[in-house]
Structures are given as structure tokens and as C-alpha cells.
Amino acid sequence: MGGDKDPERAKELYEISCAGGETNACMKFDFFELGECPEDTQATVALPTYSCRRENGVQHGPVRTVYQPGRVQTQGQYEEGKKDGVWSYYYPDGAKQATETYEMGAREGTVQAWYQDGSLQGETTYVNDQIEGYARVFYPDGKKQTEEIRKQGKGPFTQWHNNGQIAISGQFDGPRTIGDWTYYSKSGEVLKKNDLGSRGSGAYESYDLEGNKSESGRYRNGLRQGLWTVFGPNGKPLIVVNLN
């Protein structure tokens, strides 16, 4: 499709289809605006998504998903099948929910998210799709909920209760969980200290923000291994999974 459309004829067909209640055609016109797709691509609609595709099916050009015609949910761009440029996400009322930037499929720069009232929910910086620098999540009242500080993939992780008391402190090395991971109650009591050492190996127990044991198992080289148990709110085992 691309630039080969006749704008006047397209507009006429759009008006006819909308008047007849053909939502698919209305959506298509709303997004592609008489030729927004690049040359050598075809405008396609598969509710709730419409995008531009080459003959081989690879997405190339703008893409949107919608809640309904005229109400955007996601908006971004593909470059030869890979996310590229700024991607934006919206709540049903039109308020911005999040933005992130890609360079040929890899996240770069700062990802931000907002609560529906516009207050900041979180922000994370990326370099080549890896967290580098700060990753923060905030409670609705603006207090920090979690924070990671990464340098070359390594760094501490902290989570807080909503009263400001530390809930969890630990350490990451890329995707690996290493070192001491300590869980605290809302009053500051130590619930459990897990020592995984520099290699990230050993027994492990985690606790939720209400102070209830939530999981138990073992790590090996920073990754979960063997049998892991998930506990219910009553403290009884709920699920047992084997991660071998």
C-alpha cells in the first residue's frame, strides 16, 4: 500500500464504511491516514492491532493496538521486524501509562511508567537491553517501593514496605541472585537471612510484605534449581515445582 493510494478515493471509502458501521475500515483509515505505511508494505488490520507488513509478513513501519477506534492502547514502530524508536502505552482514558525507546529490538535509555493519575510509577535505564544505572518503582504516594543500582550488570536490590521500612535487601549479578538476601518485617525484625555467597548457591526462603513465608528452595550458580515450594497465605504448601 504505502504511498500508492488515491487520497480522495480512500476518504470516500472511509466515509461510506464508517457510515455503514464497518469498524475495521474506520480503524484502518484512522491509523494509516491515507498512506502512512512505508513503500513496499501493506496496511493490515487484525483487531485490536493494525500495522504495516512486507509481502513476507515482516512488520515494518508504524503499529498500534487500540481499545476501540480512536482510543490508542499501544503505539510504536518496527524496523524490519524489530521494535525501533519510541513506544508509548496508554490507559483507556488516554492518560499515558509508559514509554520506552528501542534501537533495533534492544531497549535503550530510560523506560518510564506512570499511575493513571499521572504520578511516576517507575523508571529504569537500559544499555543494549540490559539494566544499567537505576531501576526504581514507587508507591502511589511517591515513596520508593524498589530500587536496583546496576553497574555492568551488578549491584544491590532494595525493597521497602509502604511505611518506609526495608523489606528486602540483596544483590544481583546480571540475571544471577548472589550474596546475602535478607527479609524484614514492617517493624524491622529480620525474618530470614539467606547467604548465597559470591557464587549464588545455597538454600533460600522468601517472605511476602505481610511477613508470610512465600517460597523456599535452593539456588545454584545464582539460578533456581531443584524443588521449589510456593506457600499459601495460611503458610501451607500450595505448589511444588521441579526446576531441574
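Structure: see above.
> Could you give an account of the state of the cysteines, naming the residues involved and the relevant values?
Under the criterion given, the structure shown has one disulfide. In this model Cys37 forms its disulfide with Cys52; the gap between the sulfur atoms is 2.0 Å. On the S-S bond that ties Cys37 to Cys52, the torsion sits near -90°, and the link is left-handed. Within this pair, whereas Cys37 is found in the loop between α2 (23-32) and β1 (42-46), its partner Cys52 is found in strand β2 (residues 49-53), the two being separated by 15 residues in sequence. By relative accessible area, Cys37 is classed as buried at 5%. With a relative accessible area of 0%, Cys52 lands in the buried category.

> Provide a residue-level description of the pattern of salt bridges, including the pertinent values.
Under the defined criterion, the tally for this structure stands at 11 salt bridges. For Arg150, the salt bridge is made with Glu148, and the minimal N-O distance between the two is 2.9 Å. For Glu148, a relative accessible area of 15% puts it in the buried group. Here Lys213 and Glu205 are joined by a salt bridge, their closest N and O atoms 3.7 Å apart. Owing to a relative accessible area of 28%, Lys213 belongs among the partly exposed residues under this scheme. Among the charged side chains, a salt-bridge network with shared partners connects Glu123, Arg136, Lys144 and Glu147.

Cut-offs and rules
Residues numbered from 1 in each chain as written. Predicted model: local features only at pLDDT ≥ 70, side-chain atom pairs only at ≥ 80, totals over all residues. Heavy atoms only, no water. Disulfide = S-S within 2.5 Å. Helix = DSSP H or I, 4+ residues; strand = E, 2+ residues; numbered from the N terminus. Buried < 20%, exposed > 50% of the residue type's maximum accessible area, 1.4 Å probe, protein only. Salt bridge = Lys/Arg side-chain N within 4 Å of Asp/Glu carboxyl O.

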